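Structure at a glance
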Amino acid sequence: MDISFKTDEGRFNYRVAGIIVHNNKLLIMKDACSPYFYIPGGRVKMNELSENAISREVREELHVNIKINRLLWVNENFFQEETSDERFHEICFYYLLDMIDDKLTNKGNEFILKENGEHDLSFYWKDIEKINDLNIYPLFIKKNILQLPQVIEHVVEIKD
């Protein structure tokens with residue numbers, strides 16, 4: 001069971017996301033319902049370690065195995081989702097991930113994969129220097145991606 005639940009005040013999510021950088025490009029994604037980009041990842045399941053969750057999510061979405069380098073950010077994010085208009089309280093662990101082969105880079109700068117054989121997900125390798133020009137969430141990624149922390153940082157973002 002995913003750790004995500006709805007209340008009268010909004011939805012709570014516990015997520016993980018993977019920062020994958022290659023040749024000064026960041027791997028980002030979007031789905032057909034979203035007008036914005038985001039970092040690959042997904043919800044943590046009950047009784048699942050966050051490290052196991054990011055490995056599982058990358059396998060499900062990208063069909064590759066990765067190596068976890070380190071935890072970068074713990075993000076508390078309060079926002080109203082653009083497409084559903086639903087209010088969210090989200091906790092997300094952002095991990096720096098290392099590729100163990102060239103499967104992702106061989107797919108080109110843009111590619112589409114199916115998650116669990118069902119949903120089309122679009123992935124993009126975008127120049128890190130130009131991330132600030134994109135409609136990408138959470139917003140702190142725009143500023144912080146240019147200088148990855150050496151120690152875990154706690155980031156709180158409140159977007160009304």
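Below or above, wherever it landed, is the structure these notes cover. Since this is a predicted model, take the numbers as computed values, not measurements. (Residues numbered from 1 in each chain as written. Predicted model: local features only at pLDDT ≥ 70, side-chain atom pairs only at ≥ 80, totals over all residues. Heavy atoms only, no water.)

**Some remarks on unusual backbone geometry**
With omega at -5°, the peptide bond leading from Y137 into P138 counts as cis. Here P138 lies in the loop between β8 (119-127) and α2 (140-144). Residues other than glycine seldom take positive phi values, yet H63 does so here, at roughly 60°. Among the secondary structure elements, H63 is positioned in the loop between α1 (50-62) and β5 (66-80). The residue D85 is not glycine, and still its phi comes out positive at about 65°. Secondary-structure assignment places D85 in the loop between β5 and β6 (87-99). (Helix = DSSP H or I, 4+ residues; strand = E, 2+ residues; numbered from the N terminus.)

**So, the nonpolar core**
Nonpolar side chains tend toward joint burial in soluble globular proteins. Ranked by internal contacts, the top residues of the largest apolar core, which has 28 residues, are L27, L62, L104, F111 and F123. Looking at this core, the elements that each hand over two or more residues are β2 (10-22), β3 (25-31), α1, β5, β6, β7 (110-115) and β8. The residues touching L104, leaving out its near neighbours within four places in the chain, are I20, L27, L62, V64, M99, F111 and W125. Residues I28, L72, I128 and I131 belong to the second largest nonpolar core, which totals 20 residues. (Core = buried A, V, L, I, M, F, W, Y, C linked by side-chain atoms within 4.5 Å. Buried < 20%, exposed > 50% of the residue type's maximum accessible area, 1.4 Å probe, protein only. Contact = heavy atoms within 4.5 Å.)

These figures capture arrangement, not role.
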